[in-house]
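Here is how the chains run, residue by residue.
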Amino acid sequence: MARLISSVFPVLMNESIVSKLHSEGILTVYDFMLQKCDALMRKTGLTFKEIEEIREYFSTQFGWEITYPGDLFERESKQKILTGIKNLDALLEGGLGCGTIYEICGSSSAGKSQLCHWLSMHATSNGSAVVHYIDASRNFCASRIQMMLESRHCDDGMIGYVMSNIKVYQICKIYELFNILYSLSKSPDKEQSKSSKRLIIVDSLSVLCAIVSNRDLNPLLCNVAVMCRDIINHSQVVVLIVNTVRSQQAGLFLSKETENNFVLQIKPSLGNYWLNVPNVRLLMTQKENGRRKIAVWNSQELVDEKSCIVQIKDEGVFQI
């Protein structure tokens, strides 16, 4: 970082002021920017206006951007992809946040792929995002998307628009996933002029890893994690990973009461390394009459164990 000298900003920062700052341990431009304005006024004798003028100059000269809390809140609210399910959006504190890796866990009948279909349809139909659906489970069904749209009385033009903005990749090997993620990280969508956000769905990662040996699993998952983080750190992207669950006798991750009143302890598939990769892990469980419970299983951002109830119908996924 640039050292703080009088020539950095000669209009206001003379040798005397620079000496005062150095005596206070403020040696670089970075040190200066970290200080509160009132503290700088006391240490330098400069006015509030002069301090702000220097800070603005530094932020322009060295590539920083001063962001105020109100602007940051507004920006973050715009970087959400709504799910179209009100209680799920509330659970997620406004929707799926860009720059986040989400994971949906559940058994084979929990409704994970149904939810992914709904999220794909809603994100594209309202023009908020382009969807990349990486289908390793062979669960993607275009007619399912069409059924949801027709239930909303969408015309052929809208149906065509939605279908064209859901990019489906059918794969069967994890190395194919690497190729797709690399391509997405290096080649932004042409559609980004219309929508700057992207939703990348991997359905499901556990299927791709099913034939991977235990010795090779962690290095491969490490590569997946690095590539996903690279994508979300350089563009407005949400990554959604579908995963299964497995029972575990030792180590309490989640206790689920069965019909016979036994306690079944379950944890996400893919091993211990993967546990801390997703920013938000959701657990989807099946209830009666087509209802599903979606709970925050583990999160760095949300309240753990908070949940909502949704219902899966032919027309889509709806809150209860």
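These lines cover the structure that appears in this document, whether it is placed above or below. (Residues numbered from 1 in each chain as written. Predicted model: local features only at pLDDT ≥ 70, side-chain atom pairs only at ≥ 80, totals over all residues. Heavy atoms only, no water.)

1. Quick word on the nonpolar core
Formed by 41 residues in total, the largest nonpolar core has its most connected members in Leu 88, Leu 96, Leu 115, Leu 199, Leu 240 and Ile 294. When residues in this core are grouped by element, the largest group, six residues, is from helix H7 (residues 112-125). Once residues lying within four places of it in the same chain are set aside, the contact partners of Ile 294 are Leu 88, Leu 91, Leu 115, Leu 282, Leu 283, Met 284, Lys 306, Ser 307, Cys 308 and Val 310. Membership of the second largest hydrophobic core comes to 31 residues, among which are Leu 181, Leu 184, Leu 220 and Val 239. (Core = buried A, V, L, I, M, F, W, Y, C linked by side-chain atoms within 4.5 Å. Buried < 20%, exposed > 50% of the residue type's maximum accessible area, 1.4 Å probe, protein only. Helix = DSSP H or I, 4+ residues; strand = E, 2+ residues; numbered from the N terminus. Contact = heavy atoms within 4.5 Å.)

2. Here we look at the packing of helix H8 (residues 142-151) against helix H9 (residues 156-164)
Their axes nearest at 10 Å, the elements H8 and H9 cross at an angle of 140°. Classed by the angle they form, the pair H8 and H9 counts as oblique. Seen from above, H8 lies across H9 with right-handed handedness. Between H8, through Ala 142, Ile 145, Gln 146, Leu 149 and Glu 150, and H9, the contact on the second element is made entirely by Ile 159, Val 162 and Met 163. Counted by class, the contact of H8 with H9 contains six nonpolar, one polar and one charged residues. (Axes fitted to C-alpha atoms, helices over the stretch in contact; angles between N-to-C directions. Parallel < 35°, antiparallel > 145°, perpendicular 65-115°, else oblique. Left-handed = near helix turned anticlockwise from the far one by under 90°. Nonpolar A, V, L, I, M, F, W, Y, C, P; charged D, E, K, R; others polar.)

3. Here we look at the sheet that holds strand S6 (residues 198-203)
Ordered in space as S5-S4-S6-S7-S3-S11-S12-S13-S14, the nine strands form an open sheet in which the pairing is mixed. Edge positions in the sheet fall to strand S5 (166-170) and strand S14 (316-319), since each of these pairs with one other strand and no more. Taken over all neighbouring pairs, the strand axes of this sheet differ in orientation by 25° on average, direction set aside. Relative to strand S11 (residues 280-286), strand S3 (residues 100-105) runs parallel, the two sharing four bridges. Bridged to Glu 103 within S11 is Arg 281. (Pairing = 2+ DSSP bridges.)

4. Points about the packing of aromatic side chains
Tallied over the entire structure, the rule returns three aromatic pairs. For the ring pair Tyr 175 and Phe 178, a centre distance of 5.9 Å and an interplane angle of 80° mean the geometry is edge-to-face. Pair noted here: Tyr 175 and Phe 178 are both in helix H10 (residues 174-186), with a separation of three residues, about one helical turn. Overall, Tyr 175 belongs to the exposed group, its relative accessible area being 54%. (Phe/Tyr/Trp six-rings, centres within 6.5 Å; stacked < 30°, edge-to-face > 60°.)

5. Observations concerning unusual backbone geometry
Asp 203 connects to Ser 204 through a cis peptide bond whose omega is 0°. Of note, Ser 204 is situated in the loop between S6 and helix H11 (205-208). Here Glu 93, not a glycine, exhibits a phi torsion of approximately 60°, which is positive. For Glu 93, the position within the fold is in the loop between helix H6 (86-91) and strand S2 (96-97).

6. Overview of the side chain of Ser 113
Residue position: Ser 113 is located in helix H7. A relative accessible area of 15% places Ser 113 in the buried class. Sequence-distant contacts of Ser 113, that is, excluding residues within four places in its chain, are made with Tyr 133, Asn 139 and Asp 203.

Purely spatial values, then, with no claim about function.
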